[in-house]
Amino acid sequence: MSATCATCATAPAPGAVLYVSGPYRVWVRCAVLAKAQRLARVRAPLETGGLLLGQVVDGEAHVLALTGPGRRARRSRLGYEADRARDNRLVARIHPQLHYLGDWHTHPGGPAVLSATDVDSIRGALTTARREVLHLLLAGPADMTSPVASVFTVVGGESAVRRMTPEEAT
Ligand SMILES: [Zn+2]
């Protein structure tokens, strides 16, 4: 378990954090959170991001892997724009057993809240076949040491974005 993941230290299951909002439940592997933190630091003070990959079992999403940015992804202090074509090829080739569950990105020196542009971009991934999209946001100081991880879910037909709460072991 990564020492950089404070959330993992109080997780109810070994190696994964459970995030909950109403009926929506998402397990995120600690290894996935640790990889996001590592990639965030490498790119700081620029934003970065990529895909959340995994499976849905009995209505619960399991985020099992995370990809970094494609070479053609645009990274800046103001935003992150994915290289979608490359991302889709990567999923099919490297992770054929996993599904796209959502995206992640960073806010170096920025707030742990999604911007209006972020929300528009996340909603753009909703389709009639995909009614929920997850999002992982890492926010922290400009150098992205000890970032805060926030997990959101956007549900088709709901106007508000759901900020999910990590469950703690009791
Ligand atoms: Zn953002």
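Residues numbered from 1 in each chain as written. Predicted model: local features only at pLDDT ≥ 70, side-chain atom pairs only at ≥ 80, totals over all residues. Heavy atoms only, no water.

(A) Region of interest: the coordination of the zinc ion. Taken together, the protein ligands of the zinc ion are His-105 (NE2), His-107 (NE2), Asp-118 (OD) and Asp-118 (OD), with distances of 2.0 to 2.5 Å. The coordination sphere of the zinc ion comprises four donor atoms, whose angles at the metal cover 55 to 156 degrees; the geometry is irregular. Donor residues for the zinc ion, ordered by position in the chain, follow H-x1-H-x10-D. Separated by 11 residues along the polypeptide, His-107 in strand S7 (residues 99–108) and Asp-118 in helix H4 (residues 116–123) bring together distant segments of the chain. With respect to burial, His-107 and Asp-118 carry one shared label: buried. (Donors = N, O, S within 2.8 Å, 3.2 Å for Na, K, Ca; no water. Tetrahedral: all angles 85-135°; square planar, octahedral: opposite > 155°, others 65-115°. Helix = DSSP H or I, 4+ residues; strand = E, 2+ residues; numbered from the N terminus. Buried < 20%, exposed > 50% of the residue type's maximum accessible area, 1.4 Å probe, protein only.)

(B) Spotlight on the environment of Ala-139. Within the element layout of this structure, Ala-139 appears in strand S8 (residues 132–140). Judged by its relative accessible area of 4%, Ala-139 falls in the buried class. C-alpha separation for the pair Ala-139 and Ala-40, spaced 99 residues apart in sequence, amounts to 9.2 Å.

(C) A look at the nonpolar core. Core analysis: the biggest nonpolar cluster contains 24 residues, and Tyr-19, Val-26, Val-28, Val-63 and Leu-136 have the highest contact counts within it. Every element with two or more residues in this core is listed here: strand S1 (16–21), strand S2 (24–29), helix H2 (30–43), strand S4 (60–66), S7, S8 and strand S9 (148–155). Broken down by element, this core gets its largest block of residues, five residues, from H2. When neighbours within four sequence positions are excluded, Val-63 is seen to be in contact with Val-26, Trp-27, Val-28, Arg-29, Val-32, Leu-52, Leu-53, Leu-101 and Leu-134. In terms of nonpolar packing, the next biggest core, distinct from the first, is built from 14 residues, Leu-51, Ala-65, Leu-98 and Val-133 among them. (Core = buried A, V, L, I, M, F, W, Y, C linked by side-chain atoms within 4.5 Å. Contact = heavy atoms within 4.5 Å.)

Treat this as a map of the structure, not an account of what it does.
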